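Each chain, letter by letter, is given below.
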Amino acid sequence: MSKEAAGIGLEHVRFSYPDMTMDFDVEVPSGSITALMGPSGSGKSTILDLIAGFREPDSGRILIGNDDVTGLPPDRRPVSMIFQENNLFGHIDVAKNVGLGRSPSLRLTETDHADVADALARTGLAGMERRLPRELSGGERQRVALARALVRDRPVLLMDEPFASLGPALRNEMLDLVLELQAERALTVLFVTHHPDDARRVASRIIFIEAGRIAAAGPVSDFFGEDGPAAFQHYIGNEGRFARKAT
Ligand SMILES: Nc1ncnc2c1ncn2[C@@H]1O[C@H](COP(=O)(O)OP(=O)(O)OP(=O)(O)O)[C@@H](O)[C@H]1O
């Protein structure tokens, strides 16, 4: 599988839970940061799970780069995923948690150890190698998860509300770090957030979903003007603002 930057394509991807059928048809451009937004229960986590291979579509295809990854197990997809929490193993230290990104058995070469050290330095964790996850702050734990994604070295990074439990200043700091890492590695980043400011800060595009369908997708600037999609304006609570302005 190529480590080149890789776009993501969902082609008529249908997936059903007992009470809900979803149908996604959308592209995420290669080497970009896209914010995935939408009301609670609209299917954001499910999209990420489908791309990562934790769930399989009932029909349709998932493409990453030029490859059809539909049906491939998660570890064979060129993807790293970071969740809101519980990304780390509690009984092993920071360096080992990062090393797992390179080798699930932790059999690491000299080069691997050097790459782990680089990733820790790059994410501001140098000196914390021997700490256990419980000895870190929430922000530091998410840095470890990012460092592990760096040593995994996959072109697609999926993040499900990765910084939702952090305060605003720290969240911005972490988003800026993601932006830097994305630019360095030409990653394709798709991240779920409920905060419009997160999208404005780092994303070039937004995918907005409602009830298991893509309601709107496009450049961030298309979403925040008066002509932004009505469903999105409603979601971020902007409806009357523009109406009042006009009168
Ligand atoms: N394992 C499951 N079994 C049945 N229904 C599920 C399951 N997981 C999710 N759902 C339902 O599917 C819908 C979409 O869930 P999903 O977690 O993808 O939404 P979301 O947009 O990520 O929500 P949130 O913003 O609250 O995290 C919801 O209605 C949810 O109740």
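The sections below set out a description of the structure shown in this document. The structure displayed is predicted, hence computed values, not measured ones.

### Focus: the nonpolar core
Counting 43 residues, the largest nonpolar core has Leu 120, Leu 146, Leu 157, Phe 191 and Ile 206 as the members making the most contacts within it. Looking at this core, you find at least three residues from each of domain 1 (8-78 + 156-246) and domain 2 (90-153). Listed in part, the 27 residues of the second largest apolar core include Phe 24, Val 26, Leu 50 and Leu 72.

### A word on the packing of helix H4 (residues 138-152) against helix H5 (residues 168-185)
Relative orientation of the contacting elements H4 and H5 amounts to 10°, with a least axis distance of 11 Å. By the angle between their directions, the pair H4 and H5 is classed as roughly parallel. Here Gly 139, Gln 142, Arg 143, Leu 146 and Leu 150 of H4 come into contact with H5, specifically with Leu 170, Glu 173, Met 174, Leu 177, Val 178, Leu 181 and Arg 185. Split into classes, the residues belonging to the contact of H4 with H5 amount to seven nonpolar, two polar and three charged.

### Comments concerning the pattern of salt bridges
Taken as a whole and judged by the stated rule, the model has 15 salt bridges. The closest approach of N and O atoms between Asp 176 and Arg 201, which form a salt bridge, is 2.9 Å. In this pair, Asp 176 sits in helix H5 while Arg 201 sits in helix H6 (residues 196-202), placing the two residues 25 residues apart along the sequence. The structure contains a network of salt bridges with shared partners spanning Glu 11, Arg 61 and Asp 68.

### Considerations on the packing of aromatic side chains
Evaluated as defined, the whole model comprises six aromatic pairs. Centre to centre, the rings of Phe 15 and Tyr 17 are 4.9 Å apart; their planes meet at 85°, and the pair counts as edge-to-face. Assessed through its relative accessible area of 7%, Phe 15 is described here as buried. Overall, the relative accessible area of 28% leaves Tyr 17 in the partly exposed class. Summarising the aromatic geometry, the rings of Phe 224 and Phe 232 are spaced 5.3 Å apart at their centres and angled 85° between planes, so their arrangement reads as edge-to-face. Pair check on accessibility: Phe 224 and Phe 232 agree, each one buried. Three or more aromatic residues joined by ring pairs form one cluster here, namely Phe 208, Phe 223, Phe 224, Phe 232 and Tyr 235. The residue whose ring lies beneath Arg 200 is Phe 224, and the NZ or CZ to ring-centre distance is 4.2 Å.

Reading guide: rules and limits
Residue positions within a chain follow its written sequence, with the count starting from 1. Where totals are concerned, whole chains, interfaces and linings use all residues; where local detail is concerned, this predicted model gives features only for residues with pLDDT of at least 70, and gives and counts side-chain atom pairs only at 80 or more. Derived side-chain values reflect all non-hydrogen atoms in the structure, with water molecules and hydrogen atoms excluded from consideration. Only buried Ala, Val, Leu, Ile, Met, Phe, Trp, Tyr and Cys residues count toward a nonpolar core, and they belong to the same one when joined by side-chain atoms within 4.5 Å. Note on exposure labels: buried denotes an accessible area under 20% of the residue type's maximum, exposed denotes more than 50%, and partly exposed covers the range between, all computed with a 1.4 Å probe on protein chains only. Domain boundaries shown here were taken from an automatic or database domain assignment. Lines are fitted to the C-alpha atoms to define the axes, a helix being fitted only along its stretch in contact, and any angle between axes, read from their N-to-C directions, falls within 0 to 180 degrees. Strands are runs of DSSP state E lasting at least two residues, helices are runs of H or I lasting at least four, and both sets are numbered from the N terminus onward. Any angle from 65 to 115 degrees is called roughly perpendicular, while one under 35 is roughly parallel, one over 145 is roughly antiparallel, and all others are oblique. Pairs of residues are marked as contacts when any of their non-hydrogen atoms sit within 4.5 Å. Here the nonpolar group is Ala, Val, Leu, Ile, Met, Phe, Trp, Tyr, Cys and Pro; Asp, Glu, Lys and Arg are the charged ones; every other residue, Gly included, is treated as polar. Salt bridge criterion: a side-chain nitrogen from Lys or Arg within 4 Å of a carboxyl oxygen from Asp or Glu. Any two rings among Phe, Tyr and Trp, with Trp reduced to its six-membered ring, count as a pair given centres within 6.5 Å; such a pair is stacked if its planes are under 30 degrees apart, edge-to-face if over 60, and tilted if neither. A ring has a charge above it when a Lys NZ or an Arg CZ is no more than 6 Å from the ring centre and no more than 35 degrees off the ring normal.

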